[in-house]
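Working through the structure, step by step
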Amino acid sequence: MELLSALSLGELALSFSRVPLFPVFDLSYFIVSLLYLKYEPGAVELSRRHPAASWLCAMLHCYGSYILANLLLGEPAIDYFSNSASVLLASAVWYLTFFCPLDLFYKCVSFLPVKLVFVAMKEVVRVRKIAVGIHHAHHHYHHGWFIMIATGWVKGSGVALMANFEQLLRGVWKPETNEILHMSFPSKASLYGAVLFTLQQTRWLPVSRATLIFLFTMFMVSCKVFLTATHSHGSPFDVLEGYVCPVLFGTGWASDHHHDNHGGLQGGGPGPQHCPPAKFKEDLGEGSRKKKTKKAD
């Protein structure tokens, strides 16, 4: 029975890893990414006054990970834009998100039950991109573990890592929102996932690539759907990091981490010193997003 279970799991994982991402899963990825762009303060106003700049920001949200990964590997940054069908699909989603009459498209896709489906499908794309990025980096650098990890990481969270550059296109400069200083759950998960896929690619992890894709996708989907449904700012890694990191990096890490998570809740005066560090758009609560969108409108 155990052998049959293993065979069925292996077959399921293999079939799952072969499911094409375009157009359905890529469409979900674009929808969720551009929803988070619209939640940004001033994004709606920018689309009205400077549609070209808004479109560029949208393309960074959709293809930022590909651009950053290509730069790391010395390949053309705009290489993925040769996929005209994908770019047209992303552009159509951008137009509907910002310019659909009566905001009907936005209201439909931001309805929580519908949004949870898109969020789950986006995580399928994220994990697949991490795996493909590491496989691609392995062809260039067979023994470059750190290069493979870095490539997989930016494939999974490149949009967050390019957030400061994207903000500049919108005329905003917030260096305190640096994703490396205040890593969100998707960025941490992408980093840990990149380590796992690198170990698998170099045959240090005795599991097939398809099985790892399937298992890590289930983990990411479960976590992101739960965090989105509960409007949570937390991370499943917080408890483990709370025990491990102070041991490895000293008590200073624990106090700094506690200040990052709770410093913004102590005191209600205006000004940046009282604001919690800005996280990646995916970690914002639905209520705060709607407030930002109303202000922007």
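Some details on the packing of aromatic side chains
Two descriptors summarise a pair of aromatic rings, namely the distance from one centre to the other and the angle between the planes of the rings. All told, the structure shown has 18 aromatic pairs when counted by the stated rule. An aromatic cluster of at least three residues, connected via ring pairs, comprises Y29, F30, Y63, Y66, Y80 and F81. The ring of F98 has K38 lying over it, and the distance from NZ or CZ to the ring centre is 5.9 Å. Directly above the aromatic system of Y106 lies the positively charged group of K38, at a separation of 4.4 Å from the ring centroid.

Some remarks on the confidence of the model for the chain
Per-residue confidence for the chain averages 85 on the pLDDT scale, and 82% of its residues sit at or above 70. Within the chain, the lowest mean pLDDT, 46, falls on helix α14 (residues 286-296), and the highest, 97, falls on helix α5 (residues 84-99). Taken together, the stretch residues 262-286 has pLDDT below 50 and engages in 47 contacts with residues farther than four places along the chain or on a different chain. Every residue in residues 288-297 is under pLDDT 50, and counting partners more than four places away or in other chains gives 17 contacts.

A closer look at the nonpolar core
Core analysis: the biggest nonpolar cluster contains 59 residues, and F30, I31, L34, Y63, F185 and F197 have the highest contact counts within it. Take this core: its biggest share by element is 11 residues, from helix α7 (residues 112-140). If we skip the residues at most four places from it in the chain, F30 touches C62, Y63, S86, L89, A90 and V93.

Looking at the side chain of T97
Turning to its location among the elements, T97 is positioned in helix α5. Excluding residues within four positions of it along the chain, T97 makes contact with L34, K38, D103, F105 and Y106.

Regarding the side chain of T228
Among the secondary structure elements, T228 is positioned in helix α11 (residues 209-230). Residue T228 is classed as buried on the basis of its relative accessible area, which comes to 7%. Here the side chain of T228 touches K224 through a polar contact of 2.7 Å, landing on its backbone oxygen. Excluding residues that lie within four positions of it along the chain, T228 makes contacts with L112, K115, L116 and V119.

Here's the deal with a nonpolar patch on the surface
Together, V239, L240, Y243, V244, V247, L248 and F249 line one region of the surface with nonpolar side chains, adding up to about 820 Å² of accessible area. Position of L240 among the secondary structure elements: in helix α12 (residues 238-249). Under the relative-accessibility criterion, L240 is labelled exposed at 57%.

A short note on unusual backbone geometry
F22 connects to P23 through a cis peptide bond whose omega is 5°. Position of P23 among the secondary structure elements: in the loop between α1 (2-17) and α2 (24-39). Backbone geometry places L102, a non-glycine residue, at a positive phi of 60°. Of note in the backbone geometry, R203 takes a positive phi value of approximately 65° without being a glycine. Mapping R203 onto the fold places it in the loop between α10 (185-201) and α11.

How each quantity is defined
Residues numbered from 1 in each chain as written. Predicted model: local features only at pLDDT ≥ 70, side-chain atom pairs only at ≥ 80, totals over all residues. Heavy atoms only, no water. Phe/Tyr/Trp six-rings, centres within 6.5 Å; stacked < 30°, edge-to-face > 60°. Lys NZ or Arg CZ within 6 Å of the ring centre and 35° of its normal. pLDDT = per-residue confidence, 0-100. Helix = DSSP H or I, 4+ residues; strand = E, 2+ residues; numbered from the N terminus. Contact = heavy atoms within 4.5 Å. Core = buried A, V, L, I, M, F, W, Y, C linked by side-chain atoms within 4.5 Å. Buried < 20%, exposed > 50% of the residue type's maximum accessible area, 1.4 Å probe, protein only. Polar contact = N/O pair within 3.5 Å; in protein donor to acceptor, adjacent residues only side chain to side chain. Patch = residues over 30% accessible without salt bridge, like charges linked within 9 Å, V, L, I, M, F, W, Y side chains within 5 Å. Areas by Shrake-Rupley, 256 points an atom, 1.4 Å probe, with all protein chains shown as cover. Salt bridge = Lys/Arg side-chain N within 4 Å of Asp/Glu carboxyl O.

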